Amino acid sequence: MRLIDWTMIWFVSSTLLHEYWLLSGLPRIYYWDVKRQHLNKLNEDDDERRIA
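Residues numbered from 1 in each chain as written. Predicted model: local features only at pLDDT ≥ 70, side-chain atom pairs only at ≥ 80, totals over all residues. Heavy atoms only, no water.

J.: Just checking my understanding: could you explain the overall build of the protein for this structure?
T.: The helix and strand inventory of the protein stands at two helices and zero strands. Each of the 52 residues in the protein was classed as buried or not, and the buried ones make up 0%. (Helix = DSSP H or I, 4+ residues; strand = E, 2+ residues; numbered from the N terminus. Buried < 20%, exposed > 50% of the residue type's maximum accessible area, 1.4 Å probe, protein only.)

J.: Just to check I follow, could you spell out helix H1 (residues 6-23) for this structure?
T.: For an α-helix the count is 3.6 residues per turn, leaving residues at separations of three or four pointing the same way. Given a rise of 1.5 Å per residue, 18 residues ought to cover 26 Å, and the 26 Å separating the end C-alpha atoms of H1 matches this to within 8%. Immediately downstream of H1, the backbone of Gly25 shows phi near 80 degrees, a positive value. (Expected span 1.5 Å × (residues − 1).)

J.: I tried to follow a nonpolar patch on the surface on my own but got confused; where do I start?
T.: Taken together, Met8, Trp10, Phe11, Val12 and Leu16 make up a surface patch of nonpolar side chains, about 570 Å² in accessible area. By relative accessible area, which is 38% here, Val12 ends up partly exposed. (Patch = residues over 30% accessible without salt bridge, like charges linked within 9 Å, V, L, I, M, F, W, Y side chains within 5 Å. Areas by Shrake-Rupley, 256 points an atom, 1.4 Å probe, with all protein chains shown as cover. Salt bridge = Lys/Arg side-chain N within 4 Å of Asp/Glu carboxyl O.)

What follows is the structure in structure tokens.
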């Protein structure tokens, strides 16, 4: 037990940390398409004008 395989310990701990990060709901980065969102807003405004 004097010789510790530090590579294995690092691999296992980093893998567990990665799984914890993915499954625990920590902050995530969400991307959105501003152009599409803007066009959808314009289309909704056009639809409301047609109805009124």
